[in-house]
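# Structure at a glance
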Amino acid sequence: MKFNVALIPGDGIGPEAIEQAVKVLDKVGEIFSHEFKYTKVYAGGSAVDKYDKPLPEETLDICKKSDAVLLGAIGGDKWSNLPLNKKPEKALLTLRKELGLYANLRPAVLQRSLKNDCPLKSELVKDGIDMIIIRELTGGMYSGEKGVRQGKDGKEAYDVECYSENTVRRIASKAFEIALKRRKKVTSIDKANVLESSMLWRNTVNEVAKNYPEVELEQIYVDSASMKILKNPGAFDVVLASNAFGDIIADEASQIVGSIGTLPAASLGEKSLGMFEPNQIHSSVQDIAGKNTANPIAVIMSSAMMLRYSFNLNEEASAIEKAVSETLENGYRTRDMMTDGMKLVGTREMGDVIAKLLSK
Ligand code: IPM
Ligand code: MN
């Protein structure tokens, strides 16, 4: 089959990392007889430098016409003082909105070979870590009414958190559907002891849960959830959260799985078009950019998610994930994950090893 992929190499380590994903995808194409056609486009800081805007119309157009979008990295200190609508991050927010990507999937999995790199005591992770955060991605305070005005105590600013029943239903159904294919447990996170928007969230999730009697539903407050993730991470399977809470919880979870550099993310909508990117999309790590030391695994794993969720190529996606696991088990590490006794490799070499291990 033929697929059109919009490639956004982006900023910092994005370009060299995405090159490795392309290498791996091309190998998948060879083995499984598919053709991936790539169109490179600008977004983020590099687009600000070239076009004076984070998301040129041409980029959005090409992304809309593609079968999927694969993104390397966005942002960096260089652009952090720009106004909100000129910041590189604005490109991400606009892409999510314009492509209708309301569901963000962020797996947090402790690979067997990275067990010793987990910062938690081994007795806390004896059940392993295998959760997926399902974050609502286009609503809440990210896109609610916002502004700055003169108040009675001086200037004040606001970002409104507003959720409709339909928006919650849509993301909750997604979480339950995903839970059906996993360990059949959903933990929904809110702050229903304080926030109206969370009360509505909780009640709506309860309603949706009735359609999935075989899935266990747990509803906990976000503060307590952030504690439990560190105390008993094995208890989490599917974690459902609003845009803002999901943003925070996903970063917390990313820190307990040994290496942040291995984690992918997928943003999905109603149709098959999705956007795929490393979990830590904004840490584009400018200082090591272009030095062949960056870890390409997160974007390679993101390309596996692209195969699974946008192209429905499950076998091919599993082949990539298996090749990555084997590479790690064989001791290959980029600098960020290097420990005693392991084999240090560069960005390109990591891509080569993974591509070589690919098989049907
Ligand atoms: C993320 C990032 C983005 C977000 C930023 C860069 C706008 O933190 O994808 O988690 O907050 O959604
Ligand atoms: Mn984030």
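Here the residue index of a chain counts from 1 through its sequence in written order. Labels follow written order: the first chain is A, the first ligand is 1, and so on. In view of the model being predicted, local features appear only for residues whose pLDDT reaches at least 70, and side-chain atom pairs are presented and counted only at 80 or more, with totals across whole chains, interfaces and linings using the full set of residues. Only hydrogens and water are removed before side-chain values are computed, so all heavy atoms of the structure are retained for them.

As annotated in an unreviewed UniProt entry, the chain carries the name 3-isopropylmalate dehydrogenase and comes from Clostridium ljungdahlii. UniProt positions are given in the numbering used here, feature names are shortened, and annotations may be inferred rather than shown by experiment. Comment text from UniProt for the chain, heading Sequence similarities (unreviewed entry), reads "Belongs to the isocitrate and isopropylmalate dehydrogenases family. LeuB type 1 subfamily." Within the UniProt record for the chain, the comment given under Catalytic activity (unreviewed entry) is "(2R,3S)-3-isopropylmalate + NAD(+) = 4-methyl-2-oxopentanoate + CO2 + NADH".

Looking now at the UniProt feature "binding site: substrate" (unreviewed entry) in the chain. What UniProt calls "binding site: substrate" (unreviewed entry) maps, in this numbering, to Arg96, Arg106, Arg135 and Asp223. Considering the C-alpha atoms alone, the annotated residues occupy 128 residues of sequence and remain spread out, their largest mutual distance being 26.9 Å. Throughout, a contact is declared for two residues whenever any of their heavy atoms are within 4.5 Å. Contacts of Arg135, omitting those with residues within four sequence positions, involve Arg96, Tyr102, Ala103, Asn104, Arg106, Tyr142, Ile171, Ala241, Ser242, Asn243, Gly246 and Asp247. In this description a helix means any DSSP run of H or I spanning at least four residues, a strand means any run of E spanning at least two, and both kinds are numbered starting from the N terminus. With respect to the helices, strands and loops of the structure, Asp223 is situated in helix α7 (residues 222-231).

With that settled, consider the packing of aromatic side chains. The geometry of two aromatic rings is summed up by the distance between their centres and the angle between their planes. We call Phe, Tyr and Trp rings a pair once their centres come within 6.5 Å, taking the six-membered ring for Trp, and we label the pair stacked below 30 degrees between planes, edge-to-face above 60, and tilted otherwise. All chains considered together, the criterion is met by six aromatic pairs. Their ring planes at 25° and their centres at 5.8 Å tell us that Phe3 and Phe36 sit as a pair that is stacked. Taken together, the residues Phe3 in strand β1 (residues 2-10) and Phe36 in strand β2 (residues 35-40) connect sequence positions 33 residues apart. Burial classification: accessible surface area is computed with a 1.4 Å probe over protein chains only, and a residue below 20% of its type maximum counts as buried, one above 50% as exposed, and the rest as partly exposed. On the accessibility criterion, Phe3 (9% relative accessible area) is buried. Judged by relative accessible area, which is 8%, Phe36 ranks as buried. Considering the side-chain rings of Phe176 and Tyr212, the 5.1 Å spacing of their centres and the 15° angle between planes classify their relative orientation as stacked. Of this pair, Phe176 sits in helix α5 (residues 165-180) while Tyr212 sits in the loop between α6 (196-209) and β9 (216-221), placing them 36 residues apart in sequence. An aromatic cluster is present here, built from Phe3, Phe36 and Phe311 joined pairwise through their rings. Here the basic side chain of Arg135 rests over the ring of Tyr142, its NZ or CZ set 5.3 Å away from the ring centre. Across from the ring centre of Tyr158, 4.3 Å away, lies the NZ or CZ of Arg149, which sits over that ring. The rule is short: NZ of Lys or CZ of Arg within 6 Å of the ring centre and within 35 degrees of the ring normal puts a charge over the ring.

A word on the packing of helix α1 (residues 14-32) against helix α11 (residues 347-357). Here α1 crosses α11 at 15°, and the two axes come no closer than 9 Å. In terms of axis orientation, α1 runs roughly parallel to α11. Where α1 crosses over α11, the handedness of that crossing is right-handed. Side by side, α1 and α11 meet where Glu16, Ala17, Gln20, Lys23, Val24 and Lys27 of the first sit next to Thr347, Arg348, Gly351, Asp352, Ile354, Ala355 and Lys356 of the second. With axes taken as lines fitted to C-alpha atoms, and helix axes fitted only over the stretch in contact, angles between N-to-C directions fall between 0 and 180 degrees. Geometric relationships in this document are graded by angle, where less than 35 degrees denotes roughly parallel, more than 145 denotes roughly antiparallel, 65 to 115 denotes roughly perpendicular, and other angles denote oblique. Here a crossing is taken to be left-handed if its near helix is turned anticlockwise relative to the far helix by less than a right angle, and right-handed if that turn runs clockwise.

In this section: the domain arrangement of the chain. Source of the domain bounds: an automatic or database domain assignment. Each domain of the chain was delimited in the assignment, giving domain 1 (1-99 + 283-360) and domain 2 (119-256). When each unit is reduced to the centre of its C-alpha atoms, the spacing between domain 1 and domain 2 is 26 Å.

On to the nonpolar core. Leu70, Leu105, Met131, Leu307, Phe311 and Ile320 are the most contacted members of the largest nonpolar core, which totals 85 residues. Counting only domains with at least three residues in this core, you end up with domain 1 (1-99 + 283-360) and domain 2 (119-256). Every residue in contact with Leu70, bar those within four places of it in the chain, is listed here: Val5, Ala6, Leu7, Ile8, Ile18, Ala21, Leu25, Phe276, Val299, Ser302, Ser303 and Met306. Counting residues in hydrophobic clusters, the runner-up holds 17 residues, among them Ile74, Leu101, Leu273 and Met275. Among the buried residues, those of types Ala, Val, Leu, Ile, Met, Phe, Trp, Tyr and Cys that are joined through side-chain atoms within 4.5 Å form a nonpolar core.

Another aspect to go through is the UniProt feature "binding site: Mg(2+)" (unreviewed entry) in the chain. The UniProt record marks Asp223, Asp247 and Asp251 with the feature "binding site: Mg(2+)" (unreviewed entry), using the residue numbering of this structure. Over a stretch of 29 residues, the named residues converge on one spot in the fold, their C-alpha atoms separated by at most 14.2 Å. Within polar-contact distance, the side chain of Asp223 engages the side chain of Lys191 at 3.1 Å. With respect to the helices and strands, Asp247 occurs in helix α8 (residues 243-254). Residue Asp247 is classed as partly exposed on the basis of its relative accessible area, which comes to 24%. Residues adjacent in sequence count toward polar contacts only when both atoms are side-chain atoms; beyond that, a polar contact is any pair of N or O atoms within 3.5 Å, and within protein one must be able to donate a hydrogen and the other to accept it.

Reading across from one edge, β2-β1-β3-β12-β11-β4-β5-β10-β8-β9 is the order of the 10 strands in this open sheet, with mixed pairing throughout. For this open sheet the edge positions go to β2 and β9, each flanked by a neighbour on one side alone. Strand-to-strand twist across the sheet, computed as the mean angle between neighbouring axes with direction ignored, equals 25°. In this analysis, strands are considered paired if DSSP registers two or more bridges between them. As paired elements, strand β11 (residues 264-268) and strand β12 (residues 274-278) share four bridges and run antiparallel to each other. The partner of Pro264 across the bridge, within β12, is Pro278. Sitting on the sheet, helix α4 (residues 89-98) touches β1, β3 (68-73), β4 (103-109), β5 (130-136) and β12, and the angle it makes with β12 is about 150°.

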